[in-house]
Amino acid sequence: MTPHGGQEELEAQFEQWRRYVLRRRELQPSDADELEDHLRGSVDELVAAGLSPDEAFLVAVKRMGSLDELSREFAREHSERLWKQLVLTADAGGTVAGTRSRRDLWAMLGCAAGAVLSVKAPILFGLTLADDGPFYARNFTIFALPWLAAFLAWRRAARRQVIAILVALFAIGAVAANAYPLAEDSQSVVVTGIHLPIALWLVVGLAYVADDWRSSRRRMDFIRFTGEWFIYFVLMALGGGVLAAFLFNTFQAIGIVPEEFISQWLLPCGAAAAVVVAGWLVEAKQSVVENIAPVLTRLFTPLFTAALLAFLVAVAWTSHGIDVEREALILFDLLLVVVLGLLLYSLSARDPLAPPGAFDKLQLALVVSALAIDVLVLVEITGRITDDYGSTPNRAAALGENVILLVNLAWSAWLLLGFLRRRTPFAALERWQTGYLPVYAGWAWIVVLVFPPLFNYA
Amino acid sequence: MKVTKDLVAASATPMVLGILAEGESYGYAILRRISQLSGGELDWTEGLLYPLLHRLERLGHVESSWQSVAGERKRKYYRITDRGLAELAEQRRQWDTVVGALKEIWHDRVPLTVDPLEGLA
């Protein structure tokens, strides 16, 4: 029997060895258990042969050989472990994280079911998707997003005041979507239809940052969340499309046309549930899977920069003015949104302490060329201001957005330049973007709430 | 003398299945038994044994269970299954053929242990 002190020291050494083993992705806790038992067997034998626990441990570890080789052998049998997998339900271990992820799963299922019920509830009041399409189009985000917000608020254990604010904002959204007497073919319906989801998404953001809504880091997390959520949602939508196509074609082959089922049940319910499921996936996967949005950003930043520069060169070369006759402003708004997105998602994935590099220069080029194009467009518009540009809700909203994005990008370009010249820290850029989020929310709410009466419900 | 890596790898499965056919066992004991059977000549590493045990488990030749020994210490015991016994019989048939052929060539009458293979190393 070894002295008590030596035993304690030995346990500490086992603990340290175990941590070292668990750093290998090929070796899982159960392997570590098994190998530890092996090591202990080896140590016991050496101690019985007369070595001190310390020496026995060293010899036993040495005999086991290098961990590199061991994990290589394990990897050959367990190659799947090199692919990170999402564990939906915890293993039998019953760890704290496991119970947490199971509770999340149930909360998510509850919220998704709630979203599905919300989508179908209006049927009770005689509103069917077939006859009242516009009603559903106006309200879809009001059916689905509160449930996503509820899930996030639950996860963050939001305080009562925050929950009250969330409920109030969603209620205001519901009123804005339904109370104004907007004709189905009016411009205001379209403008509200675009801006209400933005406003409500930022309400979801409030739920996301419920635990610390002033923190710039938390807001950046919400930006990351948004990008990943969007990607998961699109992926699920693609899967849903394939499912619907199969359902339709297979049932059609036996003489049943499931069109009504697909268009009135599968698609709306699936979309509403997917809103919540995507949010849950991002939360569950955030530490498991590399974020995709920044990867796409890396791919597309050079391509968009090249495209914008080519466009600028073409404008200068042909000296052809940009035609802003119709709804072109919206196109250029979208361009700014894309550029802003590229900027945001590379910011979100950047190490704040890394020194400025080539990619930052590329980004500056992207932002500056987008700004140059937008200035050209604005010059063109002011030239025609006599044309009463902005007299319709469409144009006023598009112009407002353009100004908001222009201000954001112009200041971003300035900060980027400062960062490249090592005058301003990277954090300034991050704070600027996260601090700007309420501006989008404010504008979206103005458009939704003030524009319809302002333009006489046109 | 050292048995080559290839030969160790080739004989690993029948060796482990054969030992487990004697009764359930665990990693360290299996390794000790192999060392004992070969007079310390067979050099098995943990990197060979444990992935092999996991592979046999995946193929359904053995099954495992965690049992606690000496307080909090957990040990994973392996037990051979019917499939494993069938596999062992098949492997044994093949090895008998190989060993028999080698013995014919060498006109050797040494009992069936690893000794006839000594010439290969």
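Thresholds applied
Residues numbered from 1 in each chain as written. Chains lettered and ligands numbered in written order. Predicted model: local features only at pLDDT ≥ 70, side-chain atom pairs only at ≥ 80, totals over all residues. Contact = placed C-beta atoms within 7 Å. Helix = DSSP H or I, 4+ residues; strand = E, 2+ residues; numbered from the N terminus. pLDDT = per-residue confidence, 0-100. Buried ≥ 20, exposed ≤ 12 C-beta atoms within 10 Å, placed from the backbone.

### Regarding the interface of chain A and chain B
Then, number 1: If you look at the interface, chain A gives 18 residues, while chain B gives 14 residues.
Then, number 2: Looking at the side of chain A that touches chain B, the elements that each hand over two or more residues are helix H2 (29-48) and helix H4 (67-77) of chain A.
Then, number 3: Among the elements that take part in the side of chain A that touches chain B, H2(A) stands out by supplying nine residues, more than any other.

### Observations regarding the confidence of the model for chain A
All names here are of chain A.
Then, number 1: The pLDDT averaged across chain A works out to 85; a share of 91% of its residues lies at or above 70.
Then, number 2: At the level of individual helices and strands, chain A shows its lowest average pLDDT in helix H1 (residues 4-22), which scores 81, and its highest in helix H9 (residues 216-253), which scores 92.
Then, number 3: In the predicted structure, residues 89-93 sits below a pLDDT of 50 and forms six contacts with residues beyond four places in sequence or in another chain.

### A word on the environment of B:Ser64
Residues and elements named next belong to chain B.
Then, number 1: Relative to the elements of secondary structure, Ser 64 occurs in strand S2 (residues 62-68).
Then, number 2: The class of Ser 64 is partly exposed, set by 17 C-beta atoms lying within 10 Å.
Then, number 3: Residues Ser 64 and Tyr 77 lie 13 residues apart in sequence; the distance between their C-alpha atoms is 5.4 Å.
Then, number 4: Contacts of Ser 64, omitting those with residues within four sequence positions, involve Glu 57, Lys 76, Tyr 77 and Tyr 78.

### Considering unusual backbone geometry
Residue and element names in this part refer to chain A.
Then, number 1: In this structure, Ala 157 takes a positive phi of about 50° despite not being glycine.
Then, number 2: Summarising the element assignment, Ala 157 is placed in the loop between helix H6 (133-156) and helix H7 (160-179).
Then, number 3: The exposure class of Ala 157 is exposed, given the 9 C-beta atoms found within 10 Å.
Then, number 4: Residue Arg 422 is not a glycine yet carries a positive backbone phi of 60°.
Then, number 5: The topology assignment puts Arg 422 in the loop between helix H14 (393-420) and helix H15 (426-449).
Then, number 6: Judged by the 9 C-beta atoms lying within 10 Å of it, Arg 422 is exposed.

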